[in-house]
Amino acid sequence: MSISIQFRDWIENTPAPWKIGQVLIAPEPGGVKRFELRHVDDRHAETDSLRPVDDWIGLRELIRVNAAGEFRPLKAAPDLRSGWRMTGLDFDNLRLALDYFYPGAVADWICWRNGNLPVTSYAETAKRQSGRYHIARSLGEGDLEKLTQTVCERGCLKRRLWTAIPNSDAVEGSSSEIPLLCAEACNYFVGKAREKIKGPAVEE
Ligand code: SF4
């Protein structure tokens with residue numbers, strides 16, 4: 001069964017509203033299968049008080065920067081802006097929108113449920129790095145653990161699966177939540193590993 005069909009099946013058989021990261025998914029009234037997205041902090045906000053996000057360009061802009069206007073290098077960081085809503089999404093567009101917010105997260109979660117999400121150790125990820133990131137493989141155990149605390153625990157909503165001591169949350173939250181899973185150190189983390197070893201990058 002495809003990822004899309006399994007996702008649709010889960011939506012149809014799980015009590016609404018649903019949640020993924022900082023995004024709340026709710027069915028629109030009227031019996032037609034259409035969905036609304038909004039920030040979890042806006043769960044009780046009056047609909048009219050929320051700014052409509054009408055298209056994919058608007059969505060890209062929403063997720064690009066935080067409330068202070070700063071670029072968000074990590075899409076799973078807990079700094080998604082609030083005060084918006086996106087409506088009229090059918091299943092396909094719902095899936096697409098969620099991939100804008102959290103790339104690959106729905107597919108990872110479905111694979112994890114099916115028992116076939118590959119998990120890659122940091123050593124393996126570091127071994128694949130080349131060029132200026134080659135040095136990431138020399139990060140020691142102690143520094144790796146410290147980095148997961150500062151970068152992952154404090155700055156990311158994903159639940160890490162790839163460290164010897166994963167973060168303590170159970171993978172499944174509430175039954176209506178799609179957990180954000182991290183099966184492999186991301187590029188952002190590898191960049192931070194490089195910085196820890198070499199110091200911050202200097203503009204050339
Ligand atoms: S390595 Fe995973 S948990 Fe850590 S910051 Fe990257 S995506 Fe988040």
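Fair warning: this is a prediction, and the values are worked out from it, not measured in the lab.

## Quick word on the nonpolar core
(1) Moving on: Core analysis: the largest hydrophobic core is formed by 35 residues, its most contacted members being Ile20, Ile25, Leu98, Tyr102, Ala105 and Leu180.
(2) Moving on: For this core, the element with the most residues is helix α4 (residues 105–113), which contributes 4 residues.
(3) Moving on: Of the domains in this structure, domain 1 (3–103) and domain 2 (118–198) are the two that each give at least three residues to this core.
(4) Moving on: Sequence-distant contacts of Leu98, defined by excluding residues within four places in its chain, comprise Ile20, Ala105 and Val106.

## So, the domain arrangement of the protein chain
(1) Moving on: Splitting the protein chain by domain gives domain 1 (3–103) and domain 2 (118–198).
(2) Moving on: Each of domain 1 and domain 2 has a C-alpha centre, and these two points are 25 Å apart.
(3) Moving on: Contacts between domain 1 and domain 2 engage 13 residues on the former and 10 residues on the latter.
(4) Moving on: Broken down by class, the residue content of the side of domain 1 that touches domain 2 amounts to 10 nonpolar, 2 polar and 1 charged.

## Observations concerning the pairing of strand β2 (residues 23–27)
(1) Moving on: The pairing of strand β1 (residues 18–20) with β2 spans 3 bridges and is classified as antiparallel. The residue of β2 that forms the bridge with Trp18 is Ile25.
(2) Moving on: Remark: 2 residues form the turn of the hairpin made by β1 and β2, two consecutive strands paired antiparallel; Gly21 in that turn has positive phi of roughly 55°.
(3) Moving on: As judged from the 5 bridges shared by β2 and strand β3 (residues 35–39), these two strands associate in the antiparallel manner.

## Describing the packing of helix α1 (residues 3–12) against α4
(1) Moving on: Packing of α1 against α4 brings their axes to within 10 Å, and their N-to-C directions diverge by 85°. One finds that α1 runs roughly perpendicular with respect to α4. Between α1 and α4, the contacting residues are Ile3, Gln6 and Phe7 on the first element and Val106, Ala107 and Ile110 on the second.
(2) Moving on: Residues of the contact of α1 with α4, tallied by class, amount to 5 nonpolar, 1 polar and no charged.

## With respect to the sheet that holds strand β4 (residues 51–52)
(1) Moving on: If you walk across this open sheet you meet the 6 strands as β4-β5-β3-β2-β1-β7, and the pairing is mixed. If you trace the sheet from one side to the other, it starts and ends with β4 and β7 (177–178), each paired once.

## Side note on the site of the ligand
(1) Moving on: Taken together, Leu74, Ala76, Val151, Cys152, Cys156, Lys158, Arg160, Cys182, Ala185, Cys186, Tyr188 and Phe189 are the residues near the ligand.
(2) Moving on: Breaking the shell around the ligand down by element, the ones donating at least two residues are α6 (141–155) and α7 (187–198).

Scoring rules and cut-offs
- Residues numbered from 1 in each chain as written.
- Predicted model: local features only at pLDDT ≥ 70, side-chain atom pairs only at ≥ 80, totals over all residues.
- Core = buried A, V, L, I, M, F, W, Y, C linked by C-beta atoms within 7 Å.
- Buried ≥ 20, exposed ≤ 12 C-beta atoms within 10 Å, placed from the backbone.
- Helix = DSSP H or I, 4+ residues; strand = E, 2+ residues; numbered from the N terminus.
- Domains from an automatic or database assignment.
- Contact = placed C-beta atoms within 7 Å.
- Nonpolar A, V, L, I, M, F, W, Y, C, P; charged D, E, K, R; others polar.
- Pairing = 2+ DSSP bridges.
- Axes fitted to C-alpha atoms, helices over the stretch in contact; angles between N-to-C directions.
- Parallel < 35°, antiparallel > 145°, perpendicular 65-115°, else oblique.
- Near = placed C-beta within 6 Å.

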